[in-house]
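# Structure at a glance
Residue-level listing of the chains:
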Amino acid sequence: MEPKTIVEKIWEQHIVHQEQDKPDLLYIDLHLVHEVTSPQAFEGLRMKDRKVRRPDLTFATMDHNVPTLDRYFIKDPVSKKQMDTLKDNCEEFDIPLADIDHPDQGIVHVIGPELGLTQPGKTIVCGDSHTSTHGAFGALAFGIGTSEVEHVLATQTLWQAPPKTLNVKVTGELGTGVTAKDLILAIIAKFGVRFGTGYVIEYTGDAIRSLSMEERMTVCNMSIEAGARAGLISPDETTVQFLKGKRFVPQGEDFDKAAARWKALATDPGAQYDATVEIEASEIEPQVSWGTNPGMCIPVTASIPNPDTASSQSDKEEIERALEYMGLEADQPITSVKIDHVFIGSCTNSRLSDLRRAADVVRGKKVNSNVKAIVVPGSQTVKLLAEAEGLNKIFTDAGFEWREAGCSMCLAMNDDIVPYGERCASTSNRNFEGRQGNGARTHLVSPEMAAAAAIEGHFVDVRNYTIPSFT
Amino acid sequence: MEPIRQHKGLVYPLNRANVDTDQIIPKQFLKRIERQGFGQFLFYNWRFDDDGTVRENFNLNDRKYDGASILVAGENFGCGSSREHAPWALLDYGFKVVIAPSFADIFFNNCVKNGILPVKLSLSETETLLKRAEEEQFVLTVDLAEEKVYDTSSDFKATFSLSPYQREMLLNGWDEIAVTLTHSSKIDDYEVKTGTVEVH
Ligand code: SF4
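Residues numbered from 1 in each chain as written. Chains lettered and ligands numbered in written order. Predicted model: local features only at pLDDT ≥ 70, side-chain atom pairs only at ≥ 80, totals over all residues. Heavy atoms only, no water.

## Comments concerning the interface of chain A and chain B
Each side of the interface is counted separately: chain A has 73 residues, and chain B has 56 residues. By the criterion of area lost to chain B, the three top residues of chain A are Gln40(A), Arg53(A) and Arg194(A), representing 11% of everything that side buries. Between chain A and chain B we count ten salt bridges in total. Its salt-bridge partner being Asp22(B), residue Arg435(A) comes within 3.1 Å of it at the nearest N-O pair. Viewed at the interface, chain B and chain A are joined by 32 residue pairs in polar contact (both at pLDDT 80 or more). Put simply, the parts of the chain that give the side of chain A that touches chain B at least two residues each are strand E1 (15-17), strand E2 (24-27), helix H2 (39-47), strand E4 (58-61), helix H3 (77-93), helix H5 (146-155), strand E8 (157-160) and helix H11 (313-326) of chain A. When residues in the side of chain A that touches chain B are grouped by element, the largest group, seven residues, is from H5(A). (Contact = heavy atoms within 4.5 Å. Buried area = accessible area lost by both parts, 1.4 Å probe. Salt bridge = Lys/Arg side-chain N within 4 Å of Asp/Glu carboxyl O. Polar contact = N/O pair within 3.5 Å; in protein donor to acceptor, adjacent residues only side chain to side chain. Helix = DSSP H or I, 4+ residues; strand = E, 2+ residues; numbered from the N terminus.)

Below is the structure:
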């Protein structure tokens, strides 16, 4: 048989209907829903008197608006209304909801894998661009708009043209103190914020194989920042071990059968991609973003780019505009940049291992007196597990605030806002203008780098720290 | 959704690459549960200062673009968040056509679903349009049936293409769900064949 990529295999298994001059009608196995991008979709159903076809393949949670101090006190009445609306819609259409007071509540892309809803070979969608996160399991997972949310609710399908595939091959091994976050930032810095447009990325190579599931999620999460709607990794033993015993995966003998099926989905040797790029992991250093898109990233040892060295007039203007917004000088070493805030959280870096590694850095130290630092676990489950190991204590002893689960300062839809003109070292995925608050200046980093910046008050090379987990 | 066959309108030039949907509609306006009324918040943080005063240096505030309905921008327009509030805001503000050398995939899709025509032209063609629209008030005709963009007063002519399916959708203003529901029996068959089991 002809060798196939995992994308081709999943695609073929999900075709409901094919017709000339039309995209394929694709079946959707799992539809995740949150409060921000769903109200208009439910309203659309009501207006046409339509039903949700498969409420049992749909799962909802609250995350974007959730307050992280007192989760039962939602100050903004518009936020509250949006959350109440989701609750009403889930009741009306019989959709399971991890509501604000539910132990499963958390960021939609954290809880899917945590509960085992996310599985290899599934087609997964959500009205959220970081749905690509679930690709870490070898699922075909992508973000959709609200019209498509309505379409999936009504039909459990989507019209989709078969995607092109892009192999991002990561050879070698990441150095000590260099994380999955640095890897994906370095990939986007190297190839740009649109190299993945029109493609589904498959991450391959030794460096990817040796990543844990949580690290793989960090990488796949930011596929959209490279322009790709989806990014995935062929399932292997690491995937299987992670899923074993999770609530919604098959149990016992059925699990072994599922595991065999999952592993068979992996891309066959010799399968063809539409394009391939390569990057060597050992050359990657810890990254810090300096500008207003995730491709504007440099190694922590470097200085901020000079617009005069740009290759085109439009690049030059883009750099100048970014420097102005960010309040930075060309050629300034990134380590000289002082910060006001640190945010450890978001669907990129708020899982237990992220918090463990950040805690390793801050253990026994104090947050710089000029810095306000918060840790926001990705889910209630992560929060409880972290507390059980005493991570919260390490953080609060150092001067961090320990918060409730949600999206929080990643997009500042709740009260966790970076004030105008202030600067934040953030473990999230987007440094767009105003992302963390109007006029806020975001620098994307790994949890380790964010933790070290919190202690020093400016960016530092975390590799110079003596940390138990580095040895 | 309103069908769109041909559209003639004033061009507004947004000469920037990588305009993300966080800029098109900032997150503080995503809390509404309606589809309407987002136009007033379009490019909010570029149009207005922190205290709500109009930013004269942002060209959408230039009166000469009042009533513009065709937006021309740089590469990778609509990147970032999947929020459909972005096309809702563009449409509500009055834009019917967006022209750029490249678009982010989700945004492109979201436009089509809302009756906004996204037009991919070459980099040099968009640059020509940007330059002209910056210099003068400039009216362009976009013909979806013919897949052509042209200007009656000078000799700008360009062609574009859309997938046949998306073209049909826009030309007819179809309700996609209604179309899909005509295939219900196929969906039933698929579910039977694959034994799609309940997960919870
Ligand atoms: S954490 Fe940030 S990027 Fe992730 S889903 Fe929430 S808002 Fe979106």
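## A closer look at the site of the ligand
Residue and element names in this part refer to chain A. In the region of the ligand, the neighbouring residues are His-64, Ile-107, His-109, Asp-128, His-130, Ser-346, Cys-347, Cys-407, Cys-410, Leu-411, Asn-429 and Arg-435. Placement of the ligand is best described as lying within the largest cavity. Counted by class, the shell around the ligand contains five nonpolar, five polar and two charged residues. (Near = heavy atom within 4 Å. 1 Å grid on protein atoms, 1.4 Å probe; cavity = no way out; pocket = protein on both sides within 12 Å on 5 of 7 lines; lining within 4 Å. Sits in = over half its atoms within 2 Å of the grid points. Nonpolar A, V, L, I, M, F, W, Y, C, P; charged D, E, K, R; others polar.)

## Brief notes about the sheet that holds strand E16 (residues 372-375) of chain A
Residues and elements named next belong to chain A. Here five strands make up an open sheet; going across it, the order is E17-E16-E15-E18-E19 and the pairing parallel. A single partner strand is all that each edge strand has here, and the edge strands are strand E17 (401-402) and strand E19 (441-444). Two elements, strand E18 (residues 423-426) and E19, share four bridges in a ladder whose sense is parallel. Within E19, the position partnered with Cys-424 by the bridge is Thr-442. (Pairing = 2+ DSSP bridges.)

## Observations concerning helix H8 (residues 184-194) of chain B
For H8(B), the complete set of buried residues consists of Ile187(B), Tyr190(B) and Glu191(B). Buried residues in H8(B), looked at end-on, bunch into an arc of 95°, giving them a common side. When the buried face of H8(B) is taken as reference, the exposed residues oriented beyond 90 degrees from it are Asp189(B), Val192(B) and Lys193(B). Next to the buried residues of H8(B) lie helix H1 (6-13), E1, E2, H5 and E8 of chain A together with helix H7 (176-181) of chain B. Gly195(B) sits one or two positions beyond H8(B) and adopts a positive phi of about 55°. (Buried < 20%, exposed > 50% of the residue type's maximum accessible area, 1.4 Å probe, protein only. Arc of directions from axis to C-beta.)

## Comments concerning the nonpolar core
By size, the foremost hydrophobic cluster in this structure holds 122 residues, and its most contacted members are Phe395(A), Phe400(A), Phe43(B), Phe77(B) and Leu90(B). Excluding anything up to four places from it in sequence, Phe400(A) contacts Val342(A), Ile344(A), Val362(A), Val367(A), Ala373(A), Ile374(A), Val375(A), Phe395(A), Ala451(A) and Ala454(A). Within the second largest apolar cluster, 44 residues are counted, among which are Ala136(A), Leu211(A), Cys220(A) and Phe242(A). (Core = buried A, V, L, I, M, F, W, Y, C linked by side-chain atoms within 4.5 Å.)

## Concerning empty space enclosed by the protein
Evaluation of the coordinates by the stated rule reveals six cavities of 30 Å³ or more. Taken as a whole, the largest cavity spans an internal volume of roughly 220 Å³. If you trace the largest cavity, you find 21 residues lining it, with His64(A), Asp128(A), Leu411(A), Arg435(A) and Ser81(B) closest to the centre. Partitioning the lining of the largest cavity into residue classes produces seven nonpolar, ten polar and four charged. For the second largest cavity, the calculated volume is near 160 Å³. Together, 14 residues line the second largest cavity, and Thr292(A), Arg321(A), Glu433(A), Ala17(B) and Asn18(B) are the ones closest to its centre. The element contributing the most residues to the lining of the second largest cavity is H11(A), with three residues. Residue composition of the lining of the second largest cavity, grouped by class: five nonpolar, four polar and five charged. (Points joined across faces, edges and corners; volume = space filled by probe spheres on them.)

## Focus: the UniProt feature "domain: Aconitase A/isopropylmalate dehydratase small subunit swivel" (unreviewed entry) in chain B
Residues annotated in UniProt with the feature "domain: Aconitase A/isopropylmalate dehydratase small subunit swivel" (unreviewed entry) correspond here to residues 1-122 of chain B. The span residues 1-122 of chain B is 21% helix and 17% strand, and its two end C-alpha atoms sit 28 Å from each other. (UniProt positions renumbered as here; feature names shortened; annotations may be inferred.)

## Considerations on the pattern of salt bridges
By the definition in use, this model includes 48 salt bridges over all chains. In this structure, Glu285(A) and Arg463(A) form a salt bridge, with 2.9 Å as the shortest nitrogen-oxygen distance. On the criterion of sequence distance, the pair formed by Glu285(A) in the loop between strand E12 (275-280) and strand E13 (287-289) and Arg463(A) in the segment after helix H15 (447-456) is long-range, its members being 178 residues apart. Its salt-bridge partner being Arg132(B), residue Asp151(B) comes within 3.0 Å of it at the nearest N-O pair. Residue Asp151(B) is found in the loop between strand E6 (148-150) and strand E7 (157-159), and its partner Arg132(B) is found in helix H5 (residues 123-135); the two are separated by 19 residues along the sequence. Since its relative accessible area comes to 5%, Asp151(B) is described here as buried. A residue is classified by how much of its surface remains accessible, and Arg132(B), at 18% relative accessible area, is buried.

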